[in-house]
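An overview of the molecular structure
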Amino acid sequence: MALQLKTEHASDTQDLESHRKVVKFVVLKKSEPDHAERAELASFEETMLPHLDAAHNLARWLLRNEQDAQDVVQEAYLRAFKSFGGFHGSNGRAWLLTIVRNTSYTLLKKNRAVDLTTTFDEEIHATDHDSASPAAVLEHAEDAELIRKAMEELPAEFREILALRHQEGLSYKEIGEIVKIPAGTVMSRLARARAKLREYLAAQIGKEK
Amino acid sequence: MNCEEAIELMDGYLDGELDPITSQKIEQHLRDCRKCELAYEAHTALAHAISRGAPYHKAPAELRQRVQSSLRDAVGVRASGGAARENHALLTSPRTTRRLVLPEIPWNWLALAAAIILAAIIASGFLPRLRPPTSDQFLATQLIASHVRSLMADHLTDVASSDQHTVKPWLDTKLDFAPPVVDLSSEGFPLIGGRLDYLDNRPVAALVYGRRKHFINLFVWPAASDEAKAPKTITREGYQLLHWADSDFNYWAVSDISDGELQTFKRSFEQQVPPH
């Protein structure tokens, strides 16, 4: 009885082995259309990899954390590649940045719902254009560290709009497409972001003195 | 053009985003109005300072490699489950493929194995009991994480107040529902404040209560069905979770106090909540 079982077992192993070879054969056949995939990847990389710095910069400002920013950029590139077939426009950077932004907000919402609530409070604090002394701000305008600190304190919607305008040099129309707001709103939001930044700068300068 | 309009359009003018006619009007105004001209100079200086001063976070070299290799993996998976790797394995010593025996078992064998396991589960009558707790367990993980994060990140409350008439209106404006908020100081659970949180794919209210040196996070969101449910207790990683629901809301209380104390908290809360 025991012997019989053993023989059966041995013949099973034989089957499995031969079956496995068949699978490999099919796989080899399949590697033909793979060329199309590789061509698509090459085309995607050629179009989108030049914008890696822009993608990373936006994610880094939004998430304020290097590890999260890198995770988001990787995820965004995968998402972008999956929907690359639907991209026919000429502005690859704006298209990619839209995906980076969406992915960043997904993470922000998931991990830190609280982080986003700060943006609501902006409506309460009416911005006063003349609150900070322009001379004092001008004096410290060269202090990059001061500007970084002040900008990181801003709400997410201000951080992203300042990065898109001042670092990527995007037009109001492009920013509006990425952030999904009309161009007129881009102007007013940018104005509020700058006013708020100046306020924070003035506060920082005041602290130092 | 008056000063108010000029200030309003100044950022657009500064960024060169206005139409030529409006731009000209602003230019004219700046020539005539010293105050606005000074404001414009300050605006320009600030804009330049941001452009020059804000650090540009360039992608590190390893990120490029990471992105590229994850894209390659995605292509491999989509094409044939890693055809390139298998071809490679065929060319090299067959011994290296032995570690891959499990993934290479044909799918119908795996399906058979899965069918047997499934049959065993159904036969044991385990499945009906297993399913509802799994979603609760998942939620419990989220709840504990949220509770721990609120203590760790020093962000216990968005609105810190022991006055329910401050906390409630604040939450009402942030949410699409109006959670009940009551102060339980007289029962030994002082209200500390409220916070917005995100759980179970929706924004929820988190009410924060104190108990001696401990904190209780009470998460509240609208109930899916309008029937009251029997309370449920979960103990995980040293945390107590207590769940109940009334006709309007789902409640999850999370804390490191004892189950008995959490039950007391629930009773006090229910007594104080005005009937709907």
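Residues numbered from 1 in each chain as written. Chains lettered and ligands numbered in written order. Predicted model: local features only at pLDDT ≥ 70, side-chain atom pairs only at ≥ 80, totals over all residues.

**Points about the overall build of chain B**
- Regarding its fold elements, chain B presents 10 helices and 7 strands.
- Relative to its 276 residues, chain B shows a buried fraction of 27%.
- When contacts within chain B are restricted to residue pairs at least 6 apart in sequence, long-range pairs at least 24 apart make up 51% of them. (Helix = DSSP H or I, 4+ residues; strand = E, 2+ residues; numbered from the N terminus. Buried ≥ 20, exposed ≤ 12 C-beta atoms within 10 Å, placed from the backbone. Contact = placed C-beta atoms within 7 Å.)

**Regarding the overall build of chain A**
- Looking only at helices and strands, chain A features 11 helices and 0 strands.
- The 209 residues of chain A split such that 33% are buried.
- Pairs at least 24 residues apart make up 73% of the contacts formed inside chain A by residues separated by at least 6 positions.

**A short note on helix α8 (residues 144-153) of chain A**
- When we look at burial in α8 of chain A, the residues that qualify are Ile147, Ala150 and Met151 of chain A. Seen along its axis, α8 of chain A keeps its buried residues to an arc of 100°; they face one direction. (Arc of directions from axis to C-beta.)

**Here we look at the confidence of the model for chain A**
- Averaged over all residues, the pLDDT of chain A equals 78, while 67% of them reach at least 70.
- A low-confidence stretch, residues 117-132 of chain A (pLDDT under 50), is modelled with 22 contacts involving residues beyond four sequence positions or located in other chains. (pLDDT = per-residue confidence, 0-100.)

**Topic: the pairing of strand β6 (residues 239-245) of chain B**
Residues and elements named next belong to chain B.
- Taking burial as the measure, the 7 residues of β6 include 5 buried ones, the bulk of the element.
- Relative to strand β7 (residues 249-255), β6 runs antiparallel, the two being bridged by 6 bridges. Following the sheet pairing, Leu241 is matched in β7 by Val254.
- Counting the residues between successive antiparallel strands, the hairpin from β6 to β7 contains 3 residues. (Pairing = 2+ DSSP bridges.)

**Brief notes about the nonpolar core**
- Core analysis: the biggest nonpolar cluster contains 54 residues, and Ala55, Leu58, Ala59, Val73 and Val100 of chain A have the highest contact counts within it.
- With near-sequence residues (within four places) excluded, Val100 of chain A lies in contact with Ala55, Leu58, Ala59, Val72, Val73 and Ala76 of chain A.
- Residues Trp170, Leu171, Ala206 and Phe219 of chain B belong to the second largest nonpolar core, which totals 33 residues. (Core = buried A, V, L, I, M, F, W, Y, C linked by C-beta atoms within 7 Å.)

**Here's the deal with the confidence of the model for chain B**
Residues and elements named next belong to chain B.
- Of the residues in chain B, 79% have a pLDDT of 70 or more, and the chain-wide mean is 80.
- A low-confidence stretch, residues 80-104 stays under pLDDT 50, and its non-local contacts, those more than four residues away or across chains, total 19 contacts.
- Note on residues 127-133: pLDDT under 50 across the span, and 2 contacts to partners over four residues away in sequence or across chains.
- Our summary of model confidence lists the complex with pTM equal to 0.52 and ipTM equal to 0.75.

**Considerations on the packing of helix α1 (residues 3-14) of chain B against helix α2 (residues 20-32) of chain B**
Residues and elements named next belong to chain B.
- Remark: α1 packs on α2, axes separated minimally by 11 Å, with the N-to-C direction vectors making an angle of 120°. Here α2 runs oblique to α1, going by the angle between their axes. By crossing handedness, the relation of α1 to α2 is classed as left-handed. Across the interface between the two elements, Ala6, Leu9 and Tyr13 from α1 touch Thr22, Ser23, Ile26 and His29 from α2.
- Class assignment of the residues belonging to the contact of α1 with α2 gives a composition of 4 nonpolar, 3 polar and no charged. (Axes fitted to C-alpha atoms, helices over the stretch in contact; angles between N-to-C directions. Parallel < 35°, antiparallel > 145°, perpendicular 65-115°, else oblique. Left-handed = near helix turned anticlockwise from the far one by under 90°. Nonpolar A, V, L, I, M, F, W, Y, C, P; charged D, E, K, R; others polar.)

**Side note on the pairing of strand β2 (residues 191-199) of chain B**
Residue and element names in this part refer to chain B.
- In terms of strand pairing, strand β1 (residues 159-160) meets β2 through 2 bridges, oriented antiparallel. Directly across from Ala160, in β2, lies its bridge partner Gly193.
- Taken together, β2 and the strand that follows it, strand β3 (residues 202-211), pair antiparallel across an intervening segment of 2 residues, in which Asp200 is found at a positive phi of about 50°.

**A word on helix α5 (residues 92-111) of chain A**
- End to end, α5 of chain A covers 29 Å across 20 residues, agreeing with the expected 28 Å (1.5 Å per residue, within 8%).
- Burial in α5 of chain A covers these residues: Ala94, Trp95, Leu96, Leu97, Ile99, Val100, Arg101, Thr103, Ser104 and Leu108 of chain A. (Expected span 1.5 Å × (residues − 1).)

**Side note on the packing of helix α3 (residues 52-63) of chain A against α5 of chain A**
Residue and element names in this part refer to chain A.
- One way to put it is that α3 packs onto α5 with a least axis distance of 9 Å and a crossing angle of 25°. When the interaxial angle is binned, α3 and α5 end up roughly parallel. For the element pair α3 and α5, the recorded crossing hand is right-handed. Facing α3, whose interface residues are Ala54, Ala55, Leu58, Ala59, Leu62 and Leu63, α5 presents Arg93, Leu96, Leu97, Val100, Arg101, Ser104, Leu107 and Leu108.
- A per-class count over the contact of α3 with α5 returns 11 nonpolar, 1 polar and 2 charged.

**Notes on the environment of Ile7 of chain B**
All names here are of chain B.
- As for its placement among the helices and strands, Ile7 is situated in helix α1.
- Taking the number of C-beta atoms within 10 Å as the measure of exposure, Ile7 has 17 and is therefore partly exposed.
- Spatially, the C-alpha atom of Ile7 lies 7.3 Å from that of Cys36, the residues being 29 residues apart in sequence.

**With respect to unusual backbone geometry**
Residue and element names in this part refer to chain A.
- Despite not being glycine, Arg64 has its phi angle at roughly 55°, a positive value.
- Position of Arg64 among the secondary structure elements: in the loop between α3 and α4 (66-82).
- At Lys180, a residue that is not glycine, the phi angle is positive and equals roughly 65°.
- Locating Lys180 in the fold gives a position in the loop between α10 (172-179) and α11 (183-208).
- For Lys180, a count of 10 C-beta atoms within 10 Å gives the class exposed.

**Some details on the environment of Val179 of chain A**
Residue and element names in this part refer to chain A.
- Note that Val179 resides in helix α10.
- Along the backbone, Val179 and Arg101 are 78 residues apart, and their C-alpha atoms lie at a distance of 8.0 Å.
- With near-sequence residues (within four places) excluded, Val179 lies in contact with Glu160 and Ile161.

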